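# Chain and residue survey
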Amino acid sequence: MSGQGEIRQGVDLGVNIAGLRLKNPVLSASGCFGYGEDMTDFFPPSQLGGILTKGLSLAPREGNKPPRIVETASGMLNAIGLNNVGVDAFIKDKMPFIRSLDDTACIANIFGTTAEDYAELARRLSEVPGVHALEMNISCPNVKAGGIEFGKDPQIAHKVVSLTRKATSLPLIVKLSPNVSDIVKMAQAAKDAGADAVSLINTLSGMAVDIHKKRPILSNTVGGLSGPAIKPIALWMVYQVCQKVDIPVIGIGGISNTTDALEFLMVGAKAVQIGTGAFIDPMVMPKVLDGIAQFLSSRGISRVEDWIGTIEPNG
């Protein structure tokens, strides 16, 4: 990583998240971008400020049985079940491509069923050249063990984050669940346990039913709702955390165009992740990146950091 911000339209797009310098604030969301290679038919992943890998576990996982995706109004439900190649295959087979992506940061997303799983994953990945940061998924709503249990209770979240913090010197980002009563308490617990940043929100729990078969459509019954439908909730939660918790925030949730991304940055997010939007338009990420630069340039703003957190209160 050169640490240099990308210049587009005369705008410096570089942002700093807990010592990790990103050339621009547009990132792929974990679970929607594979391990980087999947999108090369559409655009070079090296255009992005960073890629979030598909969630990694200690051992490979097949995930849930199909059907595990269903379209909903302005979004989709997924119950993929965190299928992945496992950390060893990731290091051996996927990292060579990721290391070729110039100044694009690699943020490895990790999950486990015990606190010790997270710590072991952090330890292993910290030794891998080209991994620049870790994102802890303590908030996946579509697996039967681990994940959401860690993400709902501040004390449990503190324990798992604290143990993982001791296992790595890499920047540690904690991905938070919206399926809680107080997102600020969860973010504060993550900070107090040593998190360098938080990312939010993960998907909202939901279901879909088939009225003819009289059964849930997803084999797992419950899945995670993502897409434009959840953007107002995500924006509100990001705003609250940015106002009350003093660590960097990465905004996620329904970002589908430039305006969406600018809103998240304006309420205080240092960067944004785009996931479901890429299913609608695989070119959405480079389009958003160009759009941010054009918008700021048209207003004489020379650094994206001068836009971040500029929302003004009503009244």
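To keep things clear, this report deals only with the structure shown in the data block. (Residues numbered from 1 in each chain as written. Predicted model: local features only at pLDDT ≥ 70, side-chain atom pairs only at ≥ 80, totals over all residues. Heavy atoms only, no water.)

Under the criterion given, the structure shown has five aromatic pairs. Arranged with centres 5.9 Å apart and planes meeting at 45°, the rings of Tyr35 and Phe90 form a pair that is tilted. Taken together, the residues span a long stretch of sequence, with Tyr35 in the loop between strand E5 (26-28) and strand E6 (50-52) and Phe90 in helix H1 (residues 87-99) at a distance of 55 residues. With relative accessibility at 0%, the residue Phe90 sits in the buried group. With 5.2 Å between their ring centres and 75° between their planes, Phe295 and Trp307 make a pair best called edge-to-face. Of this pair, Phe295 sits in helix H9 (residues 284-298) while Trp307 sits in the segment after H9, and the two are 12 residues apart along the sequence. Residue classification places Trp307 among the buried positions, given a relative accessible area of 14%. (Phe/Tyr/Trp six-rings, centres within 6.5 Å; stacked < 30°, edge-to-face > 60°. Helix = DSSP H or I, 4+ residues; strand = E, 2+ residues; numbered from the N terminus. Buried < 20%, exposed > 50% of the residue type's maximum accessible area, 1.4 Å probe, protein only.)

What follows deals with the nonpolar core. Leu200 and Ile292 are the most contacted members of the largest nonpolar core, which totals 94 residues. At seven residues, the largest contribution of residues to this core is made by H9. Counting residues in each nonpolar core, the second largest holds five residues, with Leu77, Ala79, Ala208 and Leu218 among its members. (Core = buried A, V, L, I, M, F, W, Y, C linked by side-chain atoms within 4.5 Å.)

Glancing now at the pattern of salt bridges. One pass over the full model with this rule turns up 14 salt bridges. Across the salt bridge formed by Arg8 and Glu6, the nearest N and O atoms sit 2.5 Å from each other. Like Glu6, Arg8 is buried. With a closest N to O distance of 3.3 Å, Lys92 and Asp93 form a salt bridge. Overall, the relative accessible area of 64% leaves Lys92 in the exposed class. (Salt bridge = Lys/Arg side-chain N within 4 Å of Asp/Glu carboxyl O.)

A sheet is described by the order of its strands in space; here four strands give the open sequence E7-E8-E16-E13, paired in antiparallel fashion. With partners counted over all chains shown, the strands left at the sheet margins are strand E7 (69-72) and strand E13 (204-206), one partner each. For this sheet, the mean angle separating the axes of adjacent strands, direction not counted, is 35°. Pairing between E13 and strand E16 (residues 223-226): three bridges, direction antiparallel. Across the sheet, Leu204 pairs through a bridge with Leu225, a residue of E16. (Pairing = 2+ DSSP bridges. Axes fitted to C-alpha atoms, helices over the stretch in contact; angles between N-to-C directions.)

This paragraph deals with H9. Count 3.6 residues to each turn of an α-helix, and residues three or four apart come out pointing the same way. Taking 1.5 Å per residue, 15 residues should reach 21 Å; H9 reaches 21 Å between its end C-alpha atoms and fits that length. Those residues of H9 not exposed but buried are Val284, Met285, Pro286, Val288, Leu289, Gly291, Ile292, Ala293 and Leu296. Next to the buried residues of H9 lie strand E1 (7-8), strand E2 (11-12), E5, helix H7 (258-266), strand E18 (271-274) and helix H8 (277-280). Positioned one or two residues after H9, Gly300 has a phi angle of 70°, which is positive. (Expected span 1.5 Å × (residues − 1). Contact = heavy atoms within 4.5 Å.)

Our focus in this paragraph is the side chain of Asp117. Structurally, Asp117 can be placed in helix H2 (residues 115-126). This buried residue, Asp117, is left without a salt bridge; Arg61 holds the nearest opposite charge, at 8.1 Å. (Lys, Arg positive; Asp, Glu negative; His and termini not counted.)

Let us look at the packing of helix H5 (residues 183-192) against helix H6 (residues 231-244). Close contact between H5 and H6 brings their axes to 9 Å; oriented N to C, the two are set at 50°. Accordingly, the angle class assigned to the pair H5 and H6 is oblique. The way H5 lies across H6 gives a crossing that is right-handed. Of the residues in H6, those in contact with Ile183, Val184, Ala187 and Gln188 of H5 are Met237, Gln240, Val241 and Lys244. Taken together, the residues of the contact of H5 with H6 break down into five nonpolar, two polar and one charged. (Parallel < 35°, antiparallel > 145°, perpendicular 65-115°, else oblique. Left-handed = near helix turned anticlockwise from the far one by under 90°. Nonpolar A, V, L, I, M, F, W, Y, C, P; charged D, E, K, R; others polar.)

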